Amino acid sequence: MHFKDYDSKSTYDELIGPGGRARPHARQLIKYLRSLSQAELQERKEASDLAITVMGITYTVYTEEGQTDTIWPFDIIPRIIPRREWDGIAEGLKQRVQALNMFIADVYDRQMILKDKIIPKDLILQSRNFRKQAVGMKPHLNIWAHICGSDLVRDERGEVFVLEDNMRVPSGVSYMLENRQVTKRIFPELFEDYSILPIDDYPSQLFDTLASVAPEPKEYPEVVVLTPGIYNSAYFEHAYLAQQMGAELVEGRDLIVAEDDCVYMKTVSGLSRVDVIYRRIDDLFLDPEAFNPDSLLGVPGLLRSWSRGKVTLANAPGCGVADDKVVCYYVPDMIRYYLSEEPILPNVETYLCENKSERDYVLKNLDKLVVKPANEAGGYGMLIGPKSTAKERKEMAARIRKTPREYIAQPTLSLSTAPTLINNSLEPRHLDLRPFILSGENTAVTTGGLTRVALRKGSLVVNSSQGGGSKDTWIVDMEGQ
Amino acid sequence: MLSRVAQQLYWFARYIERAEDMARMINVHTNLLLDLPRQHEFGWDSLLEITGSDELFNELYDEADERNVIRFLISDKANPGSIQSCLFFARENLRTTRDIIPREAWELVNDMNLFLKNNMPSGLSRRRRWGFMKNVIGGSHQITGLLASTMNHDAGYDFLRLGRNLERADMTTRIVDVRSADLLLEHDVLTPYENIQWMSVLKSLTAYQMYRQHVKMRVRGPQVLKFLLQSESFPRSFTHCLQQVHQCLETLPGNDSLLRQVLSLRRNIKEADMDKYAQAGSGLHDYIDQLQAQLAELHTLITARYFSLDVSHVKMEKTAES
């Protein structure tokens, strides 16, 4: 393979530096890729497709015709980050999640940050994700978001920014783990040249985190994964994590809340007490008694059990209040307020349509900005200004004027790129990174995370539901090289 | 083990076994009809009788001819016992137990469903039917073998075996019942064919060769009944299936009432006088009805005990635990 025609234009490329030269941490990889013929590289690609099919790594896409299990689109060229840089990012993530947990605890308790007018009160109390049922709750260790998935991007200078924090039911970690398995099968040679930090302790860290927040100390707390079931797009991940943790994978109908307010699962030996529920169901479907009465996915009385401290729900109901893209705007202020520290990781510049001056700016510059609904996940409902039509902009402007609270805007970032195998040649494609942060007795950050890549040329949308794929992410130790 | 998962494994095994039994029966029946004289009245409706689906069939079809009966038993989605429906339900049951069952089993069940979808016309045509059924039977064997050799032999496996053996025991009694009813009547025209009919009873259960080895005498009614109902070594005999059920239940928790039921069934079959039942008018049909009722009762007990946890019963146990 050659990189003669490889041109990442004005964006920052993860592997190829200015003048088409490999960045230091990518030298070995690029040298290796250069030594392969097109046919050999294609062979690796086919081996990876086969591995993915055999391993059955799938996700579910919903279309008008119904749902289908689709093979996870995976690009075989890894994305590499030097360990020294990563350690700094990981510190920044820990700081951020610590502040976010303190924020959620505060919002459902004394609301000091609102009283001190750091964040406008209405913005929080009127948030769609604020749960009055959670007011006054004190979860074990006062941790609310046990699992957080933050999305990171790089700008054209290579600086890392936080795009958003997902604190409801962030997904993707199973693909991060499976991607590494696939890469090990197809590029075993490279693992000799590099010291690539392992990632596969995530399931055991997840289990330890969940076990550490059990309502009562127990030697073997019963941890379960609660899934909405087979028709959920992330069912593969639910089953995968349950299997890897050695936890039961349960559905709502497998659990009951008994008269003693404890949660039990129905087993062939009778009822068995459940201590911690890693729930992959949205708040509103958790408990038909407390929320959506039509929900068949949830467990009647679950919220009662939680609020009486009989069971831990991870993440805690109401966590989503910090997941809102409008709240994300205030995270640097939270860090200063709760931790008296300067934020290590900056936010992507964000305009709140709620604020008049910022809204006016957004409405005037719709063709240059990316507008996002404050509460949607999966890239739905976005407007990418430079690629939009006049009609789309007009419709968006109307929506912003109607419900300004529901929209934020960000400059069109030229997300960084990395070489990606497209039709048998290497082309730059935009990508982001989703690390996962675990908070329990200890805090842990995944080594790297899930790199998502927009496979369509020029596209900035990396979501798998919108034509995105993923790459293995290597954190490499460069000391002594 | 979660009750839901146990229940799904149990039903998965029942549906796979049911599909296999159906395929086997259709094959043998197709063969038998080729051997019998043209004018006799022994037709396709006996298959409906065995599966207890004559009522549903009569609602859906006018005439019980080969074409209709075969379509109904193989591909009719309106018939919950058709091969197509059985494999569909088997797949649905496996869907949410994918974390317990080896992946390959899931792939095999998918393959079987795909095969059915693509080859349905072969099943309907008399000429290619044999190969079609062979595939269904082979698929079922493959799944059973795969699970036996790759899955933990724990509670989950016990529920699979429970389902398979109860279904098999049930099917054996049904085949014996319907087929012997014809045989025990006085049929002048059929007398020369009595031997091949008893042979076909054995063949429906793939028991012919094993019977020969075991019994070492010509195929006669009482011996066939003894073999199919009382043999301890033939894996499709009623007694053998119950032994398997017994073994599974012994390892499962809270099994008192269940073990009592199995023991009473086993005693019942052991003490039955097959020489008597092989005579016309001796009440074989009523006796088999009784066995089937006891089997159904056993299924109900298993369901109540392990699958649909009755909360009042459960509360008591919980207090006992804490």
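Residues numbered from 1 in each chain as written. Chains lettered and ligands numbered in written order. Predicted model: local features only at pLDDT ≥ 70, side-chain atom pairs only at ≥ 80, totals over all residues. Heavy atoms only, no water.

Some points on the domain arrangement of chain A
All names here are of chain A.
Point 1. For chain A, the assigned domains read domain 1 (1-133 + 151-201 + 323-348 + 413-481) and domain 2 (351-411).
Point 2. Domain 1 puts 19 residues into the contact, and the matching count from domain 2 is 19 residues.
Point 3. Both faces considered, domain 1 and domain 2 share a buried interface measuring about 1,800 Å² in area, 47% of it formed by carbon and sulfur atoms.
Point 4. Salt-bridge contacts for Arg 405 lead to Asp 324; the nearest nitrogen and oxygen are separated by 2.8 Å.
Point 5. Between the two partners, domain 1 and domain 2, sit 7 residue pairs in polar contact (both at pLDDT 80 or more).
Point 6. Of all the elements in the fold, those that place two or more residues in the side of domain 1 that touches domain 2 are strand 5 (160-166) and helix 11 (325-328).
Point 7. Residues of the side of domain 1 that touches domain 2, tallied by class, amount to 8 nonpolar, 6 polar and 5 charged. (Domains from an automatic or database assignment. Contact = heavy atoms within 4.5 Å. Buried area = accessible area lost by both parts, 1.4 Å probe. Salt bridge = Lys/Arg side-chain N within 4 Å of Asp/Glu carboxyl O. Polar contact = N/O pair within 3.5 Å; in protein donor to acceptor, adjacent residues only side chain to side chain. Helix = DSSP H or I, 4+ residues; strand = E, 2+ residues; numbered from the N terminus. Nonpolar A, V, L, I, M, F, W, Y, C, P; charged D, E, K, R; others polar.)

Details of the sheet that holds strand 8 (residues 255-257) of chain A
Residues and elements named next belong to chain A.
Point 1. If you walk across this open sheet you meet the 3 strands as 8-9-10, and the pairing is antiparallel. With partners counted over all chains shown, the strands left at the sheet margins are strand 8 and strand 10 (270-273), one partner each. The sheet shows a mean angle of 40° between the axes of neighbouring strands, direction not considered.
Point 2. Across 4 bridges, the pairing between strand 9 (residues 263-267) and strand 10 is antiparallel. (Pairing = 2+ DSSP bridges. Axes fitted to C-alpha atoms, helices over the stretch in contact; angles between N-to-C directions.)

What about the packing of aromatic side chains?
Residue and element names in this part refer to chain B.
Point 1. For the structure on display, the rule yields 26 aromatic pairs over all chains.
Point 2. Geometrically, the ring pair formed by Trp 11 and Tyr 15 is tilted, given 5.6 Å between the ring centres and 35° between the ring planes. Remark: Tyr 15 and Trp 11 occur in helix 1 (residues 3-35); sequence separation between them is 4 residues, near one turn of the helix.
Point 3. Residue Trp 11 is classed as partly exposed on the basis of its relative accessible area, which comes to 21%.
Point 4. Here Tyr 15 falls in the buried class, since its relative accessible area comes to 14%.
Point 5. Judged by centre distance (5.1 Å) and plane angle (80°), the ring pair of Phe 57 and Phe 72 falls under edge-to-face. Taken as a pair, Phe 57 in helix 3 (residues 54-60) and Phe 72 in helix 4 (residues 66-74) lie far apart in primary sequence, 15 residues in all.
Point 6. On the accessibility criterion, Phe 72 (0% relative accessible area) is buried. (Phe/Tyr/Trp six-rings, centres within 6.5 Å; stacked < 30°, edge-to-face > 60°. Buried < 20%, exposed > 50% of the residue type's maximum accessible area, 1.4 Å probe, protein only.)

Notes on the interface of chain B and chain A
Many descriptions give the size of an interface as the accessible area lost when the pieces come together.
Point 1. With 24 residues of chain B at the contact, the number on the chain A side is 27 residues.
Point 2. Counting each side, the surface lost to burial between chain B and chain A is near 2,200 Å², with a carbon and sulfur contribution of 54%.
Point 3. Our count for the chain B to chain A interface comes out at 2 salt bridges.
Point 4. The salt bridge involving Arg 4 of chain B is made with Asp 254 of chain A; its shortest N-O contact spans 2.6 Å.
Point 5. Of all the elements in the fold, those that place two or more residues in the side of chain B that touches chain A are helix 1, helix 5 (83-95), helix 6 (103-124), helix 15 (284-307) and helix 16 (311-321) of chain B.
Point 6. Residue contributions to the side of chain B that touches chain A peak at 6 residues, all from helix 16 of chain B.

Structural notes on the side chain of Arg 23 of chain A
Point 1. Residue position: Arg 23 of chain A is located in the segment before helix 1 (27-35).
Point 2. For Arg 23 of chain A, the contacting residues outside a window of four places in its chain are Tyr 12, Asp 13, Glu 14, Leu 15, Ile 16, Gly 17 and Pro 18 of chain A.

Re the domain arrangement of chain B
All names here are of chain B.
Point 1. One can read the domain layout of chain B as domain 1 (1-151) and domain 2 (153-316).
Point 2. If you look at the interface, domain 1 gives 37 residues, while domain 2 gives 34 residues.
Point 3. With both chains or domains summed, domain 1 and domain 2 bury close to 3,300 Å², and 66% of this area falls on carbon and sulfur atoms.
Point 4. Linking domain 1 with domain 2 are 6 salt bridges.
Point 5. With its nearest N and O atoms 2.6 Å apart, the salt bridge here joins Arg 236 to Asp 21.
Point 6. The interface formed by domain 1 and domain 2 contains 10 residue pairs in polar contact (both at pLDDT 80 or more).
Point 7. When contributions to the side of domain 1 that touches domain 2 are tallied by element, the ones reaching two or more residues are helix 1, helix 2 (45-51) and helix 7 (126-150).
Point 8. Sorting elements by how many residues they give to the side of domain 1 that touches domain 2 places helix 1 first, with 19 residues.
Point 9. The residue inventory of the side of domain 1 that touches domain 2, partitioned by class, reads 19 nonpolar, 9 polar and 9 charged.

Observations concerning the nonpolar core
Nonpolar side chains in soluble globular proteins generally cluster together in the buried interior.
Point 1. Phe 103, Trp 144, Ile 277 and Met 334 of chain A together with Leu 228 and Leu 249 of chain B are the most contacted members of the largest nonpolar core, which totals 166 residues.
Point 2. Among the elements that make up this core, the one with the highest residue count is helix 1 of chain B (15 residues).
Point 3. Beyond its immediate stretch of four places on either side in the chain, Ile 277 of chain A contacts Val 224, Leu 226, Leu 255, Val 263, Leu 302, Val 311, Thr 312, Leu 313 and Ala 314 of chain A.
Point 4. Tyr 175, Val 223, Tyr 240 and Val 276 of chain A belong to the second-largest nonpolar core, a separate cluster that totals 59 residues. (Core = buried A, V, L, I, M, F, W, Y, C linked by side-chain atoms within 4.5 Å.)

Considering the side chain of Thr 267 of chain A
Point 1. Position of Thr 267 of chain A among the secondary structure elements: in strand 9.
Point 2. At 3.0 Å, the side chain of Thr 267 of chain A forms a polar contact with the backbone nitrogen of Ser 269 of chain A.
Point 3. With sequence-adjacent residues up to four places away left out, Thr 267 of chain A is seen in contact with Ser 272 of chain A together with Met 1, Leu 2, Ser 3 and Leu 309 of chain B.

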